[in-house]
Amino acid sequence: MSRHPQINTAAMAQRWARRLSERVERTIKAHPEADRDNIRHTLILLEQPPLKRLRRSLIRGRATALFRK
């Protein structure tokens, strides 16, 4: 086990965020009309188990519906 788990966790989070950002940019290049935040959110959801994905999507959808009123 590592002596500095926070450092390893932070480094892993930074690598994940960098990969996510690169994937978002590639997608935007291919589909410039797409919404960057929706792409990022979708890519994050695709990494999660189906039930958690559904729950987060429903929460986001409800929040968007409230915002539009």
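Residues numbered from 1 in each chain as written. Predicted model: local features only at pLDDT ≥ 70, side-chain atom pairs only at ≥ 80, totals over all residues. Heavy atoms only, no water.

Here we look at the overall build of the protein chain
Argument step 1. A count of helical and extended segments in the protein chain gives three helices and zero strands.
Argument step 2. Order of helices (α) and strands (β) in the protein chain, N terminus to C terminus: α-α-α.
Argument step 3. A buried classification covers 13% of the 69 residues belonging to the protein chain.
Argument step 4. About 6100 Å² of surface is accessible on the protein chain, with carbon and sulfur atoms providing 59% of the total. (Helix = DSSP H or I, 4+ residues; strand = E, 2+ residues; numbered from the N terminus. Buried < 20%, exposed > 50% of the residue type's maximum accessible area, 1.4 Å probe, protein only. Areas by Shrake-Rupley, 256 points an atom, 1.4 Å probe, with all protein chains shown as cover.)

Structural notes on the nonpolar core
Argument step 1. Residues L20, V24, I28, I39, L43 and I44 constitute the largest nonpolar core, which totals six residues.
Argument step 2. Mapped by element, the contributors of at least two residues to this core are α1 (5-30) and α2 (36-46).
Argument step 3. Setting aside chain neighbours within four positions, we find V24 in contact with R36, I39, R40 and L43. (Core = buried A, V, L, I, M, F, W, Y, C linked by side-chain atoms within 4.5 Å. Contact = heavy atoms within 4.5 Å.)

What about the pattern of salt bridges?
Argument step 1. Going through the model one piece at a time under the given rule, you end up with three salt bridges.
Argument step 2. Here R40 and D37 are joined by a salt bridge, their closest N and O atoms 2.8 Å apart. Here R40 and its partner D37 are both found in helix α2, three residues apart, which amounts to about one turn of the helix.
Argument step 3. Taking the relative accessible area as the measure of exposure, R40 reaches 33% and is therefore partly exposed.
Argument step 4. For D37, a relative accessible area of 33% translates into the label partly exposed. (Salt bridge = Lys/Arg side-chain N within 4 Å of Asp/Glu carboxyl O.)

Some details on α2
Note that an α-helix has 3.6 residues per turn; residues three or four places apart therefore point the same way.
Argument step 1. Along α2, the residues classified as buried are I39, H41, L43, I44 and L45.
Argument step 2. By the N-cap criterion, in which a side-chain oxygen at the helix start approaches the backbone nitrogen of a residue two or three places on, α2 is capped by D35, the distance to D37 being 3.2 Å. (Polar contact = N/O pair within 3.5 Å; in protein donor to acceptor, adjacent residues only side chain to side chain.)

Some remarks on the environment of D35
Argument step 1. With respect to the secondary-structure elements, D35 resides in the loop between α1 and α2.
Argument step 2. Taking relative accessible area as the criterion, D35 reaches 41% and is therefore assigned partly exposed.

All quantities given are derived from atomic positions and should not be read as evidence of function.
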